[in-house]
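Read off the chains here:
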Amino acid sequence: MATPPYRRYADTAALIADMAPDHPAFLFSEQVLREAARTFEKGFDGLVTYAVKANPSDHIIEILADEGLKAFDVASVNEMALVRRFAPEAGMHYNNPIKSKREIAAAWHDFGIKSYAIDNLAQLEQIATIIPPTTDVEITIRFKAGKARKSYDFGTKFGVSETGAIDLAQKVQAMGYSASLCFHVGSQCEDVNAYERHIAAAGRIATKAGIVLKRLNIGGGFPASYPSSSAPPLKKYFDLIRKAVKKTFGDNPPEMIVEPGRAMVTPCTSLLLRVKHQRAGLSVYLNDGAYGALMEVKFMPILPSVRVWRGAELLEGPTAPFTIFGPTCDSYDVLPQIFELPADIAEDDWIEFGLMGAYTQASVTAFNGFSERLQFFVDDILL
Ligand SMILES: *Cc1c(COP(=O)(O)O)cnc(C)c1O
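A. Highlighting the overall build of the protein. Within the protein, the secondary structure is distributed over 11 helices and 18 strands. Taken over the C-alpha trace, the protein has a radius of gyration of 22 Å; the compact-globule value for 383 residues is 21 Å, and the two agree within 12%. For the protein, the spread of C-alpha atoms along the principal axes amounts to about 70 × 40 × 40 Å. Evaluated residue by residue, the protein yields a buried proportion of 56% over its 383 residues. Residue pairs in contact within the protein that sit at least 24 positions apart in sequence constitute 74% of those at least 6 positions apart. Roughly 15,900 Å² of accessible area belongs to the protein as shown, and the carbon and sulfur atoms make up 54% of that amount. Taken together, the 39 basic and 45 acidic charged side chains of the protein have centroids lying 7 Å from each other.

Dropping the structure here:
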């Protein structure tokens, strides 16, 4: 594999013993990623793709392609280039409804992309100025059918109503493209029934629009198993989806597509941060925070798993409730969650946050000059 030659360790203790990393470090377990890919490939009846935005690391793209993923969901020209470079054989679905003409031209002419999502008539007209209508090009209409009870909602930003989708599907078909449908129930969706509700709506849209649906993309949203999650296991989701497809489409279902981001990459990476300062009032100041790898932990109600290292030894003992601050000089740089940590945690210890593969590496900033992030391959990480 052309993966960069990251140092590889058996476990976190071996990494700390060798490197004592003083910068924030992402610990990537290849085996755990391969297992997640197999869970989707085996459990889901249809095409498994990966939403690149959740973690655009080159090794992740490469390993998922090696696990047999045949397509990726991309949202920008840079993501297209990344997929082309690390999964050259893979197809791409350009499923960001918001595009510029320059980006559509790049997708079409430079990357040969044949699948584009829209949720508005203006976007269809925009595509038609660049891509001549042909049934080889799929226009996927993104619709919404109610908010999931427990999820991080995308519905307020994207998705046309059911009636709007019928109208758009007819226009797509009349123009000469191939019409299909997609939705996204919202991220970390702990409400399994949201998928069923949207699949039923997709059936109604196709019938009322008078189109034969070739493909139905049910998006991402599958939950990761954070300690704070009350979601059932993924198998339950796959079973309910299979039943809903059968119920809605009978013996003639569309090809189903899934595009997990979070659930694919959350468990494969843990985050090793160092304590820079500890003070009375049970506060620890770490070397990364809300402007870096912990950005999503700042604004999502998720709680990662944690363990504390003193050198290469786990720090155990009575715990206390701590507030975690990041390293920048901005008072926004503090986490809202309270973390139970060993009471005598001190400067130079490390906190390993487990389940940190999604929306962490993807959204780091260099704010206040804290730009360094390290990457290691570690077989046995905190889950
Ligand atoms: C973000 C996104 C995904 C992945 O969502 P997760 O909740 O991380 O699974 C899938 N599809 C589209 C179009 C997205 O924007």
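B. Broad picture of the environment of Val-83. For Val-83, the location among the structural elements is in helix H4 (residues 77–86). A relative accessible area of 0% means that Val-83 is categorised as buried. Separated by 11 residues in sequence, Val-83 and Phe-72 have C-alpha atoms that sit 7.4 Å apart. The contacts of Val-83, once residues within four sequence positions are left out, are Val-52, Ile-61, Phe-72, Val-74, Pro-88, Ala-90 and Met-92.

C. Here's a closer look at the nonpolar core. Counting residues in each nonpolar core, the largest one holds 83 residues, and the members touching the most others are Tyr-50, Tyr-116, Phe-143, Leu-216, Ile-218, Phe-222 and Met-264. The element that contributes the greatest number of residues to this core is helix H8 (residues 193–209), accounting for 8 residues. Per-domain counts for this core show at least three residues from each of domain 1 (8–27 + 266–380) and domain 2 (31–265). Dropping the residues within four chain positions of it, Tyr-116 is found in contact with Tyr-94, Asn-95, Lys-99, Ile-104, Ala-107, Trp-108, Ile-127, Ile-131, Val-137, Glu-138, Ile-139 and Thr-140.

D. Seen up close, the packing of aromatic side chains. What the rule picks out here adds up to 17 aromatic pairs. For the pair Phe-40 and Phe-238, a centre-to-centre distance of 5.3 Å together with 70° between the ring planes defines the contact as edge-to-face. Remark: Phe-238 occurs in helix H9 (residues 234–249) and Phe-40 occurs in helix H2 (residues 30–43); sequence separation between them is 198 residues. Owing to a relative accessible area of 4%, Phe-238 belongs among the buried residues under this scheme. Aromatic pair Phe-143 and Phe-183: ring centres 5.6 Å apart, planes at 65°, arrangement edge-to-face. You can see Phe-143 sitting in the loop between strand E7 (138–142) and helix H7 (162–175) and its partner Phe-183 sitting in the loop between strand E8 (178–182) and H8, a full 40 residues away along the chain. The buried category is assigned to Phe-143, whose relative accessible area is 2%. Given a relative accessible area of 1%, Phe-183 falls into the buried group. Against the face of Tyr-94 rests Lys-99, its NZ or CZ located 5.3 Å from the ring centre.

E. Representation of H9 within the structure. Over its 16 residues, H9 extends 22 Å from the first C-alpha to the last, a length consistent with the 22 Å expected when each residue adds 1.5 Å. Along H9, the residues classified as buried are Leu-234, Tyr-237, Phe-238, Ile-241, Ala-244, Val-245 and Phe-249. On an axial view of H9, the arc spanned by its buried residues comes to 130°, and they lie on one face. Facing away from the buried side of H9, by more than 90 degrees, are the exposed residues Lys-235, Lys-243 and Lys-247. Check the buried side of H9 and you find it contacts H2, H8, strand E9 (215–217) and strand E10 (255–258). Once H9 finishes, Gly-250 follows within two positions and takes phi at roughly 60°, a positive value.

F. The arrangement of the site of the ligand in detail. Within the structure, the ligand sits among 14 residues, and Lys-53, Ser-187, Glu-259, Arg-262 and Tyr-359 are positioned closest to it. Between Gly-261 and the ligand, the recorded distance is 2.9 Å, taken from a backbone N or O atom to an oxygen atom. Each residue belonging to the shell around the ligand can be placed in one class, and the counts come to 3 nonpolar, 6 polar and 5 charged.

G. Here's a closer look at the domain arrangement of the protein. Taken domain by domain, the protein comprises domain 1 (8–27 + 266–380) and domain 2 (31–265). Using C-alpha coordinates to define each centre, domain 1 is positioned 32 Å away from domain 2. In this assembly, 20 residues from domain 1 lie in contact with 21 residues from domain 2. Here domain 1 and domain 2 share an interface that buries about 1,700 Å² over both sides, 63% of which is from carbon and sulfur atoms. Of all residues in domain 1, Thr-266, Cys-268 and Tyr-359 bury the most surface against domain 2, accounting for 31% of the area lost on that side. At the boundary of domain 1 and domain 2, one finds 1 salt bridge. Among the salt bridges present, the one from Glu-296 reaches Arg-262, with a minimum N-O distance of 2.6 Å. Put simply, domain 1 and domain 2 have 8 residue pairs in polar contact (both at pLDDT 80 or more) between them. When residues of the side of domain 1 that touches domain 2 are traced back to their parent elements, those giving at least two are helix H11 (295–299) and strand E18 (374–380).

Conventions used here
- Residues numbered from 1 in each chain as written.
- Predicted model: local features only at pLDDT ≥ 70, side-chain atom pairs only at ≥ 80, totals over all residues.
- Heavy atoms only, no water.
- Helix = DSSP H or I, 4+ residues; strand = E, 2+ residues; numbered from the N terminus.
- Rg over C-alpha atoms; globule rule 2.2 N^0.38 Å.
- Buried < 20%, exposed > 50% of the residue type's maximum accessible area, 1.4 Å probe, protein only.
- Contact = heavy atoms within 4.5 Å.
- Areas by Shrake-Rupley, 256 points an atom, 1.4 Å probe, with all protein chains shown as cover.
- Lys, Arg positive; Asp, Glu negative; His and termini not counted.
- Charge placed at Lys NZ, Arg CZ, Asp CG, Glu CD.
- Core = buried A, V, L, I, M, F, W, Y, C linked by side-chain atoms within 4.5 Å.
- Domains from an automatic or database assignment.
- Phe/Tyr/Trp six-rings, centres within 6.5 Å; stacked < 30°, edge-to-face > 60°.
- Lys NZ or Arg CZ within 6 Å of the ring centre and 35° of its normal.
- Expected span 1.5 Å × (residues − 1).
- Arc of directions from axis to C-beta.
- Near = heavy atom within 4 Å.
- Polar contact = N/O pair within 3.5 Å; in protein donor to acceptor, adjacent residues only side chain to side chain.
- Nonpolar A, V, L, I, M, F, W, Y, C, P; charged D, E, K, R; others polar.
- Buried area = accessible area lost by both parts, 1.4 Å probe.
- Salt bridge = Lys/Arg side-chain N within 4 Å of Asp/Glu carboxyl O.

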